Structure formats: C-alpha cells, structure tokens
Amino acid sequence: MVLKDPPAGVPNPLQVGEQAKIGGEGAVYFSTDDRFAVKIYYHPRPEKEQLLQQVMKLFSNLPPEQERFILPPLALVERLDGRSCVGFVMRRVPPRYTELLNFVMPRGAAEHFRRGRTWADYLKIARSIANAVVVLHGKGCAHSDIHYRNFLVNLEAGDAIMLEIDGVVVPGFLPPQVAGMMGFMAPEILTDGVSPNERTDRHSLAVLILHTILFRNVMQPLIEYDEDPNRSEELGWGRYALFSEHPRDHRHRPSNLGVPFYRRGALSYRMLTPMLQRLTERAFLEGLREPDKRPSAREWEEALAFAIDELWGCQRCRQHFPYPYERPLGERACPFCGERCRSPYPLVLELHEERQHGSFFPLRRIVLGHGFKVFADMIESSRRPPFSRQSEPILGHVEWDARRGQYRLINEGEDEWIALSASGRFSARKGGSVPVQKGCLLRFGEGKRVAFVVEG
Ligand SMILES: [Zn+2]
C-alpha cells in the first residue's frame with residue numbers, strides 16, 4: 001500500500017494483511033506490524049479526500065492527552081496493489097479494546113462486576129468518552145454519530161477511544177449522510193430534519209454517558225406510538241421523546257426504577273453526584289426541546305472527573321457509588337444491593353479556592369474515609385483531577401480514630417496543616433495529624449485551597 005506524504009514513523013509503502021473488517025462504507029486492513037489500520041472506501045463521495053485532508057490538518061498536532069481519545073487520519077492512501085483508491089491510515093487500537101456495547105447493557109455490566117471491575121471504572125470510561133467529544137468540539141467539528149458502537153473500550157484502564165472520525169461534520173463541508181443511530185439522535189433530527197451539529201452531538205453524548213453509568217437508555221420509549229414499528233420508533237424518540245425520569249410525566253418510567261441493580265432494578269439518575277444530576281436535568285428536561293440549554297462536552301467531562309472523588313464503598317457488596325450526602329442519613333443506601341450506609345460515615349469536605357486575596361469560593365465536594373489518600377491535585381489551586389493519579393504526589397491520608405470516634409488527617413507533605421474548629425486550633429507538620437469534625441476549617445498552606453468540613 002502506497003501512502004501520500006506520511007509523517008515520520010509511518011512506513012511507506014505500508015505492508016498490510018488481508019481485509020480485517022468489512023463495513024458499510026469501506027474495508028479495513030491492518031498493517032503487518034500491527035501498529036496501523038487502513039480504511040479504504042468502496043464508493044467515496046467526490047469531496048471525501050478534501051474532507052479527510054481537512055480533518056488531518058485539524059487533528060494533526062494534538063497533545064498526547066487529547067490524541068489518546070480519538071484516531072485522527074495520519075496520511076491518505078495513494079494506491080493499493082497498484083490501483084489508485086481513496087482511504088487513510090490511522091493508529092490501530094490494541095486488540096484488548098472492545099466495543100462499548102459489550103459493557104453497558106445490564107447483563108454485561110453485572111458480568112464485569114462479578115469479575116472484579118467496579119462502577120468507578122465505568123465513571124472513568126464515561127469521562128474518556130466526554131473527553132473525546134471535547135477534543136472534536138474544540139476544533140469546531142461535530143461527530144454526528146455518537147453511540148455505543150463507535151467507542152472502543154478498555155475497562156481496566158478506564159479508557160475509551162472514539163471511532164469514525166472520518167465521518168465528522170467539518171465547517172465548510174457538506175454534512176454527512178448518516179444522521180446517527182436511533183436512540184441516540186437528538187429529537188429535532190427526527191422531527192424537523194435538522195442536520196447533525198454540535199448541539200445534536202450534545203444530546204447524543206448525554207444519552208451515551210448516562211447509558212455508560214446507568215446501564216440503560218434514559219430516553220427509551222415504553223409505549224407504541226404507531227402500528228408501523230418504524231414509525232412508532234421515530235415518534236417515540238422524536239415527537240414524543242420524553243425523559244424516563246420526568247418529574248410529572250411517567251409514561252416512559254421503568255417499573256423497576258430505583259430498585260437495587262443487583263435485584264433486577266434500573267439505576268436512577270438520582271444515584272449520581274448532585275453536579276451530574278443537574279447536568280442530566282439540563283440535558284433531558286430543559287434542553288430536550290431547547291438545544292442551547294444542553295450541557296457541553298466540557299461540562300460533562302468536568303462533572304465526571306469530580307465524581308471520582310465522591311465515591312463510597314458498600315460494606316456489603318463492595319461496589320462503589322457516589323456517596324449520597326444530600327439525603328438524610330437514614331436514606332443513604334447502596335444503589336446496587338440496597339444496603340444502608342453505616343457508621344463510620346465518611347468525611348464530606350467542601351473545597352474552596354482563593355479568588356482574590358482573602359475571598360474564597362466553593363469549588364466542589366470530596367468524600368474521604370479511612371485509608372483514603374489526599375492527592376496534590378485536590379488541594380493545589382487551579383488543579384483538576386488528572387486522568388490517572390499514578391504519578392500524582394500524595395500529600396496525606398485519612399485515619400479513623402475509633403477510640404475518639406473521629407477522623408484524623410495525617411500530613412505527609414511539606415506545608416503545615418491547620419484545623420480550626422469550635423474546640424480549638426490544631427496544626428500538624430509532616431508526620432503529624434489534625435482532628436477533623438463537622439464545621440471545622442482546614443488550611444493546607446499558603447496559596448493552597450481550604451476545605452470546610454460539611455460532615456465528619
Ligand atoms: Zn451494596
């Protein structure tokens with residue numbers, strides 16, 4: 001296979017094996033060194049090469065932390081076996097990645113949980129998906145076909161990679177012929193024939209994110225709207241589209257909603273962090289018919305990143321779930337097995353960041369229990385949780401002091417920590433610890449965030 005001006009690192013000519021996959025649009029080949037995949041179109045539209053060139057230009061110099069979520073075209077194909085053709089070469093996804101579809105149906109998810117994966121892994125996958133869309137939308141492009149077959153996933157690594165970047169909507173080019181997959185398409189595509197755009201992507205992304213963490217399509221119609229099944233589908237996802245957890249209209253509400261997942265229940269969006277609940281309401285209540293109100297991919301990405309620090313472990317089934325600190329103590333239970341949360345309840349801290357000298361604004365909440373680590377990104381100003389904390393410095397940890405019935409924060413960093421509460425002022429240098437209780441204010445050093453103890 002001969003390529004047109006490939007970048008350094010891509011051999012030319014490229015040796016490929018037999019056809020590996022046959023799709024609707026074209027055939028995929030893998031290079032014999034397993035590093036690359038090549039897509040060759042059967043009947044390309046006349047402007048396809050130009051569009052690919054534009055996509056290549058837009059996505060050619062991505063930083064590695066963005067490039068990992070998508071598969072940009074690296075070079076166009078000139079000839080295959082001596083015949084000229086239209087196609088492109090991209091990175092090959094390692095074979096341990098499989099379609100997201102295999103993970104997000106209730107049975108598939110239950111199987112992965114049995115094998116030791118947890119809901120936290122799914123949260124990371126959802127964050128990867130949001131990240132891929134952030135990269136695309138950041139370049140002014142829309143994907144137009146966001147659904148669970150267009151992401152390849154490695155659950156263990158919490159990683160997802162977006163496929164079909166060659167079908168994106170690029171400004172200045174004709175929109176693609178595919179309007180998306182039923183169940184993920186924004187209702188206005190079905191009702192008004194709107195072409196796929198960034199706003200319709202926002203709807204599909206919200207559906208996919210929630211499918212990934214709740215294991216169901218939250219827009220699934222439960223009523224037949226026409227005798228013709230195709231027409232019924234079109235109406236159910238389009239004109240009569242309705243959020244399954246609409247507060248007043250219960251037509252599409254599953255009968256097992258809110259029943260623990262391991263007892264054949266359906267997870268409610270109300271098990272999510274308050275920030276994710278709010279985005280869900282914006283996407284499916286306010287934004288369903290008003291596309292401008294839908295949350296952006298960036299907002300989803302951030303709320304998913306923050307959710308990782310609000311997880312609590314079930315004492316019975318060992319599953320991880322967002323600690324429901326907004327509910328009364330007696331109503332806090334594991335959404336997977338139904339077990340009530342028991343004492344010792346975790347610490348709930350509200351992180352505040354200094355805006356101007358002396359004025360602090362609330363940023364987000366974190367949930368900490370015995371043995372939890374305090375990472376640098378939690379208390380350093382202007383930091384967000386990194387994708388992986390493998391190389392993130394640990395500045396301290398939490399210990400439950402059973403004798404006194406209170407938590408202590410152990411300082412492992414260089415700054416002095418101070419805890420101010422009604423019972424006094426406590427301070428700790430490296431190796432020391434401060435007691436933490438409700439109402440206490442924690443200072444982690446000059447220029448660092450402060451934390452207000454909401455529960456403890
Ligand atoms: Zn449980």
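Chemist: Teacher, can you tell me more about the coordination of the zinc ion here?
Modeler: For a metal with four tetrahedral donors the ideal donor-metal-donor angle is 109.5 degrees, while six octahedral donors give ideal angles of 90 or 180 degrees. Within the protein, Cys-314 (SG), Cys-317 (SG), Cys-334 (SG) and Cys-337 (SG) serve as the donor atoms for the zinc ion, at 2.3 Å. Taken together, the four donor atoms coordinating the zinc ion span angles of 104 to 114° at the metal, a pattern that classifies the geometry as tetrahedral. Sequence spacing of the donors to the zinc ion: C-x2-C-x16-C-x2-C. Separated by 20 residues along the polypeptide, Cys-317 in the loop between β11 (311-313) and β12 (320-322) and Cys-337 in the loop between β12 and β13 (347-356) bring together distant segments of the chain.

Chemist: Explanation requested: the side chain of Asp-401 in the structure shown.
Modeler: Structurally, Asp-401 can be placed in strand β16 (residues 394-401). Engagement of the side chain of Asp-401 in a polar contact is seen with the side chain of Arg-404, the distance being 3.0 Å. With residues near it in sequence (within four places) discarded, Asp-401 still touches Gln-406 and Arg-408.

Chemist: Explain the sheet that holds strand β14 (residues 359-368) to me, please; I cannot follow it from the model alone.
Modeler: Taken in spatial order, the six strands of this open sheet run β14-β13-β22-β21-β18-β19, and their pairing is antiparallel. This sheet does not close on itself; its edge strands, each paired only once, are β14 and β19 (424-428). Across this sheet, the average inter-strand angle for adjacent strands is 25°, counted without regard to direction. Here β13 pairs with strand β22 (residues 450-455) via five bridges, running antiparallel. From the neighbouring strand, Leu-349 faces β22, where its bridge partner is Val-453.

Chemist: Is there a simple way to think about the sheet that holds strand β8 (residues 98-99) in this case?
Modeler: For sheets, the rule is that strands pair by backbone hydrogen bonds, running either parallel or antiparallel. Here we have three strands laid out as an open sheet, ordered β8-β9-β10, and antiparallel in their pairing. Of all the strands in the sheet, just β8 and β10 (159-162) have a single pairing partner and so form its edges. When strand β9 (residues 151-154) meets β10, the two strands line up antiparallel, connected through four bridges. The partner of Leu-152 across the bridge, within β10, is Ile-161. Against the sheet, helix α4 (residues 119-138) contacts β9 and β10, and its axis sits at roughly 35° relative to β10.

Chemist: Looking at this structure, how should I read the pairing of β13?
Modeler: Looking along a regular strand, one sees side chains alternate from face to face of the sheet. Extensive coverage of β13 is indicated by the burial of seven of its 10 residues. Taking the residues between adjacent antiparallel strands as the criterion, β13 and β14 are bridged by two residues, where Gly-358 takes a positive phi near 90°.

Chemist: Can you help me understand the packing of helix α8 (residues 274-286) against helix α9 (residues 297-307) in this one?
Modeler: When two helices pack together, their arrangement is captured by the angle between the axes and the distance separating the axes. Put simply, α8 and α9 touch, their axes get as near as 9 Å, and they point 155° apart. Taken as axis vectors, α8 and α9 run roughly antiparallel relative to one another. The element α8 and its partner α9 pack so that their crossing is left-handed. Residues Met-275, Leu-276, Leu-279, Thr-280, Arg-282 and Ala-283 of α8 form the contact with α9, whose own contacting residues are Glu-299, Trp-300, Ala-303, Leu-304, Phe-306 and Ala-307. Broken down by class, the residue content of the contact of α8 with α9 amounts to nine nonpolar, one polar and two charged.

Chemist: Looking at this structure, I do not really get the nonpolar core. What am I missing?
Modeler: Buried together is how nonpolar side chains tend to be arranged in soluble globular proteins. Formed by 106 residues in total, the largest nonpolar core has its most connected members in Ile-213, Phe-336 and Leu-442. It is α4 that provides the largest number of residues to this core, a total of 13 residues. When neighbours within four sequence positions are excluded, Ile-213 is seen to be in contact with Trp-119, Tyr-122, Leu-123, Ala-126, Leu-267, Leu-272 and Leu-304. Ranked by size, the runner-up nonpolar core spans 15 residues in total, among them Met-56, Leu-71, Leu-76 and Val-93.

Chemist: Would you mind showing me how to read the layout of surface pockets here?
Modeler: Space left empty within the atom packing is revealed by a probe, the size of a water molecule, rolled over the atoms. Each pocket or cavity is described by its volume, and for the largest pocket that value is around 1,200 Å³. If you trace the largest pocket, you find 46 residues lining it, with Glu-25, Lys-39, Asn-150, Glu-164 and Asp-166 closest to the centre. Listed by contribution, the elements that provide at least two residues to the lining of the largest pocket are β2 (16-22), β3 (26-31), β4 (36-41), α1 (48-58) and β7 (87-91). Looking at side-chain class alone, the lining of the largest pocket contains 23 nonpolar, 10 polar and 13 charged residues. Mapping the lining of the largest pocket onto the domain boundaries places at least three of its residues in each of domain 1 (2-91) and domain 2 (98-313). There is about 840 Å³ of room inside the second largest pocket. Lining the second largest pocket are 32 residues, and of these Lys-124, Ile-308, Asp-309, Phe-375 and Arg-389 sit closest to its centre. When contributions to the lining of the second largest pocket are tallied by element, the ones reaching two or more residues are α4, β11, β14 and β15 (373-375). Of the residues assigned to the lining of the second largest pocket, the class counts are 16 nonpolar, eight polar and eight charged.

Calculation rules
All residue numbers here refer to positions counted from 1 along the written sequence of the relevant chain. A pLDDT threshold of at least 70 governs which residues receive local features in this predicted model, and a stricter bar of 80 or more applies before side-chain atom pairs are shown or counted, although totals over entire chains, interfaces and linings include all residues. Side-chain metrics rest on all non-hydrogen atoms present in the structure, leaving aside hydrogens and water. In this listing, donors mean N, O and S atoms no farther than 2.8 Å from the metal, or 3.2 Å for Na, K and Ca; water is missing from the atoms, so a site can look incomplete. For a four-donor site, all angles between 85 and 135 degrees give tetrahedral; for four or six donors, opposite pairs above 155 degrees with the remaining angles between 65 and 115 give square planar or octahedral; all remaining cases count as irregular. Only DSSP runs of H or I covering at least 4 residues are called helices, and only runs of E covering at least 2 are called strands; the numbering of each starts at the N terminus. What qualifies as a polar contact is a pair of N or O atoms within 3.5 Å, subject to a donor-acceptor requirement within protein and to the restriction that residues adjacent in sequence count only when both atoms come from side chains. Contact criterion: two residues are considered in contact whenever any of their non-hydrogen atoms come within 4.5 Å of each other. Strands qualify as paired when DSSP identifies two bridges or more between them. Axis lines are fitted through C-alpha atoms, for helices just across the contact stretch, and the angle between N-to-C directions can take any value from 0 to 180 degrees. Whether a residue is buried, partly exposed or exposed follows from its accessible area with a 1.4 Å probe, protein chains only, as a fraction of its type maximum: under 20%, in between, or over 50%, in that order. Should an angle fall under 35 degrees it is called roughly parallel, over 145 degrees roughly antiparallel, and 65 to 115 degrees roughly perpendicular, with every other angle called oblique. For a crossing to be left-handed, the near helix must be turned anticlockwise from the far one by less than a right angle; the clockwise case is right-handed. When residues are sorted by character, Ala, Val, Leu, Ile, Met, Phe, Trp, Tyr, Cys and Pro go into the nonpolar class, Asp, Glu, Lys and Arg into the charged class, and all the rest, Gly among them, into the polar class. Working definition of a nonpolar core: buried Ala, Val, Leu, Ile, Met, Phe, Trp, Tyr and Cys residues. They are joined through side-chain atoms within 4.5 Å. Of the two site types, the cavity is a set of points on a 1 Å grid over the protein atoms alone where a 1.4 Å probe fits but cannot get out, and the pocket is an open set with protein on both sides within 12 Å along at least five of seven lines, each lined by residues with an atom within 4 Å of a point. Grid points are joined across faces, edges and corners, and a volume is the space filled by probe spheres set on the points. Where a domain begins and ends is set by an automatic assignment or by a domain database.

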